[in-house]
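Summary of structural features
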Amino acid sequence: MAQQVRGVVARSKGAPVTVETIVIPDPGPHEVVVEVETCGVCHTDLHYREGGINDDFPFLLGHEAAGRVETVGSAVTKVTPGDRVVLAWRAPCGECRACERGRPHLCFDSRHQGSPMTLEDGTPLTPALGLGAFAEKTLVGEGACIKVDERADPAAAGLLGCGVMAGWGAAVNTAPVQKGDTVAVLGCGGVGDAAIAGAVYAGARQVIAVDLDDRKLEWAKGFGATHTVNAGSGDVVQALRELTGGFGPDVVIDAVGRPETYQQAFEARDLAGTVVLVGVPTPQMRLEMPLIEFFGHGGALKSSWYGDCLPTRDFPLLIELFLQGRFALDAFVSERIALDEVEEAFHRMERGEVLRSVVVL
Ligand SMILES: [Zn+2]
Ligand SMILES: [Zn+2]
């Protein structure tokens, strides 16, 4: 029987989000209905609302979630009702050219739900990143459900579903940071701080946090930054060189994703160093730089989609590190809010007042 629950919907470009009644169909053979317990507020939800991802309104927002499996489709084998799961927006298909070459972390065709969730009047909803988890329940593909240890607080665990995984993975999987490396991270929000924690885990000998906001630099120290640079107080490239013996860091991670920060990352790294872009630029942004610099500087320029994570491998690992006290996953939870407070949480996120607001259902 189809169920009616409450969910956060973006109806049109730029309009404030609203809590609506939504209809969840019974799961098809490879689908799962999840009772959502928590869901973090991510910049990507705001990008959907602003029409920056695509025009498939109305959207059912939310994609950083933990919950419990309620009902499973007839062919589901990976989870059973009652399991605690974190939802992943990368659910490798096993059949695309990336999966077939043994690179499921690059899968180009994630398997999400096929049956539409709808508004009460039957209008189909587009679930954010195939999940749509700012809702009391959501319908997802089986591959999106990653079973995790019961003992982890779901408000913390759910954050692995997007921003924290993206940042940690940018350092550990994409760069990848090697033991003894010097690392700088530009932008110390949730993604940047997770990259700092990842660099520490990977054995960096120096982890330099860069931001315009002193309060964020303090938070960054809590995640293991060994040095901080306030980007507003002078030349960032020069400051990073001075902190690294005059050479620049081996790895610079741009967790902002603007032309200015990317250029700083490009110029600040050591010769043959690595830049990782994990902050998401807008389609309008342009970069103009001398091509000879790309040749002359050598090294690697990488982008990190979702931290190049493989959810089945990385979510349980990070939960284990959290439970052992080796990864402060709960420190990303700045506040716990209700489902009807998402719009205000967007504003706090834009003002940089929180690492993560987490909706608790
Ligand atoms: Zn695939
Ligand atoms: Zn996200």
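A brief report on the enclosed structure follows. Keep in mind that what you see is a predicted model, and the values were worked out from it rather than measured.

1. Some details on the overall build of the protein chain
- Of regular secondary structure, the protein chain possesses eleven helices and 18 strands.
- Compactness check: the protein chain gives a C-alpha radius of gyration of 20 Å against a globular reference of 21 Å for 361 residues, within 12% of the reference.
- Each of the three principal axes of the protein chain carries a C-alpha extent, and together these read 65 × 40 × 40 Å.
- Buried positions account for 51% of the 361 residues belonging to the protein chain.
- In the protein chain, 70% of the contacts between residues at least 6 apart in sequence involve partners at least 24 apart.

2. Focus: the sheet that holds strand 12 (residues 206–211)
- Ordered by their spatial adjacency, six strands build an open sheet running 13-12-11-14-15-16, and the pairing between neighbours is parallel. In the strand order of this sheet, the two ends are held by strand 13 (227–230) and strand 16 (300–303), each with one partner. Geometrically, the sheet is characterised by an average inter-axis angle of 15° between neighbouring strands, direction not taken into account.
- Sheet topology note: the strand 12/strand 13 ladder contains four bridges and is parallel. Note on strand 13: the bridge partner recorded for Ala209 is Thr228.
- Strand contacts of helix 7 (residues 236–243): strand 11 (182–186), strand 12 and strand 13, with the helix running at about 160° to strand 13, the strand carrying the most contacts.
- Contacting strand 11, strand 14 (251–254) and strand 15 (274–277), helix 8 (residues 259–268) crosses the sheet at an angle of about 175° to strand 14.

3. Examining the environment of Gly161
- Along the chain, Gly161 falls in the loop between helix 3 (154–157) and helix 4 (163–174).
- Classification of Gly161 by C-beta neighbours within 10 Å gives buried; the count is 32.
- For the pair formed by Gly161 and Pro124, sequence separation is 37 residues and the distance between their alpha carbons is 24 Å.
- With sequence-adjacent residues up to four places away left out, Gly161 is seen in contact with His63, Glu64, Ala65, Val86, Leu87 and Ala88.

4. A word on the nonpolar core
- Leu87, Ala171, Val183, Val185, Ala195 and Ile253 are the most contacted members of the largest nonpolar core, which totals 116 residues.
- Discounting residues that sit within four places of it in the chain, Ala195 has contacts with Gly167, Trp168, Ala170, Ala171, Val185, Ile253, Ala255 and Val278.

5. Focus: the pairing of strand 3 (residues 31–40)
- For strand 3, the buried fraction is high: nine of the ten residues fall into the buried class.
- Looking at chain direction, strand 3 and strand 9 (residues 137–141) are connected through five bridges and run antiparallel. Within the sheet, the bridge partner assigned to Val33 lies in strand 9 and is Leu139.

6. What about the packing of helix 4 against helix 5 (residues 190–202)?
- Orientation of helix 4 relative to helix 5, taken along the N-to-C sense of each, is 40°, at an axis distance of 7 Å. Comparing their axes, helix 5 and helix 4 come out oblique. With respect to the hand of their crossing, helix 4 and helix 5 are arranged in right-handed fashion. Only Gly190, Val191, Gly192, Asp193, Ala194, Ala195, Ala197, Gly198, Ala199, Tyr201 and Ala202 of helix 5 make contact with helix 4, whose side of the interface consists of Gly163, Val164, Ala166, Gly167, Trp168, Gly169, Ala170, Ala171 and Val172.
- Broken down by class, the residue content of the contact of helix 4 with helix 5 amounts to 13 nonpolar, six polar and one charged.

Conventions used here
- Residues numbered from 1 in each chain as written.
- Chains lettered and ligands numbered in written order.
- Predicted model: local features only at pLDDT ≥ 70, side-chain atom pairs only at ≥ 80, totals over all residues.
- Helix = DSSP H or I, 4+ residues; strand = E, 2+ residues; numbered from the N terminus.
- Rg over C-alpha atoms; globule rule 2.2 N^0.38 Å.
- Buried ≥ 20, exposed ≤ 12 C-beta atoms within 10 Å, placed from the backbone.
- Contact = placed C-beta atoms within 7 Å.
- Pairing = 2+ DSSP bridges.
- Axes fitted to C-alpha atoms, helices over the stretch in contact; angles between N-to-C directions.
- Core = buried A, V, L, I, M, F, W, Y, C linked by C-beta atoms within 7 Å.
- Parallel < 35°, antiparallel > 145°, perpendicular 65-115°, else oblique.
- Left-handed = near helix turned anticlockwise from the far one by under 90°.
- Nonpolar A, V, L, I, M, F, W, Y, C, P; charged D, E, K, R; others polar.

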